[in-house]
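# Close look at the chain arrangement
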Amino acid sequence: MSTSILVFAVWPYVALTVFIIGHVWRWRRDQLGWTSRTSQLLERRWLRLASPLFHVGALAVVLGHVVGILVPARVTAAIGVSEDAYHATAVTVGLLAGACMAAGLVILVIRRVVHHQRLRLVTTRLDWVVYGLLVLVVALGVCATVGQNVAAGGYDYRETVSVWFRSLFVANPDVELMASAPALYQVHVAVAFCFVALWPFTRLVHVWSVPVGYLVRPYVVYRAAGASPRAAVSRAPWA
């Protein structure tokens, strides 16, 4: 079995299988650990800056990948978006999103190092592995964007990487397309699937627990000790 087949035809399915089964196992066996294990109470100043940068940047990066990988070029062309316009927008927005995510990630990592004594109780070895993989994935993505789409005059990944990725969903991965892509894209994809496989065993599972219920939960009524039911109360749905 060639390396290309192993990395681009076998490993993606293994990683996705671990991702799904791992989440099911984690939910059934470790619901109490299904949390972000926030460290806000231990250190807020750095977190107040890093968290928005990282989360907004990460969301923009994910949305950019969804459009760039899952939406075929013929679809954007059909709605009137030229290839040059798409390329310019993708590079500009991608670099801005990547820069925000990278800046937030770097601050988060430095925060853990500088305030190690205060944060060590909520920092695990897996946390450091996640940080390492995130740094590598982001760095590879930015290097691929700058090196291939800017410095090299543009690389049409939607004709190779995107087509290969969509072929995974029909159980017929086109390995030759991915093998013909630049090395930066190949390593970026391989490391990204490592990150996917590790996801269910880390604090990242908290992203699936969006507190939508808070929007419809009943009010929590506060009364002073010994006060009558008609006493003035504070009604706070977010409490």
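The following refers to the structure shown.

Definitions and limits used
Per chain, residues are indexed from 1 in the order of the written sequence. Side-chain atom pairs in this predicted model are given and counted only at pLDDT of 80 or more, local residue features only at pLDDT of at least 70, and totals for whole chains, interfaces and linings cover all residues. The side-chain quantities take in all heavy atoms of the structure and omit both hydrogens and water. The patch calculation keeps residues exceeding 30% relative accessible area without a salt bridge and links them within 9 Å when they carry like charges or within 5 Å when they are nonpolar (Val, Leu, Ile, Met, Phe, Trp, Tyr). Per-residue and other accessible areas follow the Shrake-Rupley method at a 1.4 Å probe size, with only the shown protein chains counted as cover for residues. Here a salt bridge means any side-chain nitrogen of Lys or Arg lying within 4 Å of a carboxyl oxygen belonging to Asp or Glu. Put simply, DSSP H or I for four residues or longer makes a helix, DSSP E for two residues or longer makes a strand, and each gets a number counted from the N terminus. We call a residue buried when its accessible area falls under 20% of the maximum for its residue type, exposed when it is over 50%, and partly exposed in between, using a 1.4 Å probe and counting protein chains only. Fitted lines through C-alpha atoms give the axes, limited to the stretch in contact for helices. The angle between two N-to-C directions lies from 0 to 180 degrees. For this classification, under 35 degrees means roughly parallel, over 145 means roughly antiparallel, 65 to 115 means roughly perpendicular, and everything else is oblique. Any pair of residues with heavy atoms lying within 4.5 Å of one another is described as a contacting pair. In the scheme used here, Gly and all other residues not listed as nonpolar or charged are polar, with Ala, Val, Leu, Ile, Met, Phe, Trp, Tyr, Cys and Pro taken as nonpolar and Asp, Glu, Lys and Arg as charged. The angle separating two fitted axes, one through the seven residues that finish at a residue and one through the seven that start at it, defines the bend at that residue. Two rings from Phe, Tyr or Trp (for Trp, the six-membered ring) form a pair when their centres sit within 6.5 Å of each other. Planes less than 30 degrees apart are called stacked, planes more than 60 degrees apart edge-to-face, and all others tilted. Charge-over-ring placement is defined geometrically: NZ (Lys) or CZ (Arg) within 6 Å of the ring centre, and within 35 degrees of the ring normal.

## Some words on a nonpolar patch on the surface
A cluster of nonpolar residues, V14, V18, W25, L126, V129 and F201, forms a patch on the protein surface that exposes about 460 Å² of accessible area. Among the secondary structure elements, those contributing two or more residues to the nonpolar patch are α1 (3-29) and α6 (125-151). Here the element with the most residues in the nonpolar patch is α1; it accounts for three residues. Taking relative accessible area as the criterion, L126 reaches 32% and is therefore assigned partly exposed.

## With respect to the packing of helix α2 (residues 45-70) against helix α7 (residues 161-168)
Interaxial distance between α2 and α7 falls to 8 Å at its minimum, and their mutual angle equals 90°. As far as their axial angle goes, α7 and α2 are roughly perpendicular. Every residue of α7 that contacts α2 at G68, I69 and L70 is listed here: S162, F165 and R166. Counted by class, the contact of α2 with α7 contains three nonpolar, two polar and one charged residues.

## Here we look at unusual backbone geometry
Unlike most non-glycine residues, A171 shows phi in positive territory, near 55°. With respect to the helices and strands, the residue A171 is situated in the loop between α7 and α8 (175-179). Of the residues examined, A171 reaches a relative accessible area of 62% and is grouped as exposed.

## Side note on α1
In α1, a bend of some 40° at W11 exceeds every other bend along the element, and P12, a proline, comes one to four places later. Three or more residues of α1 are buried, namely F8, A9, P12, A15, F19, G22, H23 and R26. Lining the buried residues of α1 we find α7, α8 and α9 (183-198).

## Observations concerning the packing of aromatic side chains
The geometry of two aromatic rings is summed up by the distance between their centres and the angle between their planes. All chains considered together, the criterion is met by 11 aromatic pairs. Centre to centre, the rings of F19 and W208 are 6.4 Å apart; their planes meet at 80°, and the pair counts as edge-to-face. With a gap of 189 residues between them, F19 in helix α1 and W208 in the loop between α9 and β1 (220-222) connect regions that are remote in the sequence. Given a relative accessible area of 51%, W208 falls into the exposed group. With a centroid separation of 5.6 Å and an interplanar angle of 70°, the aromatic rings of F195 and W199 are classed as edge-to-face. Cluster of aromatic residues (ring-pair linked, three or more members): F8, W164, F165, F169 and F193. Taking the ring centre of Y86 as reference, the NZ or CZ of R158 above it sits at 3.6 Å.

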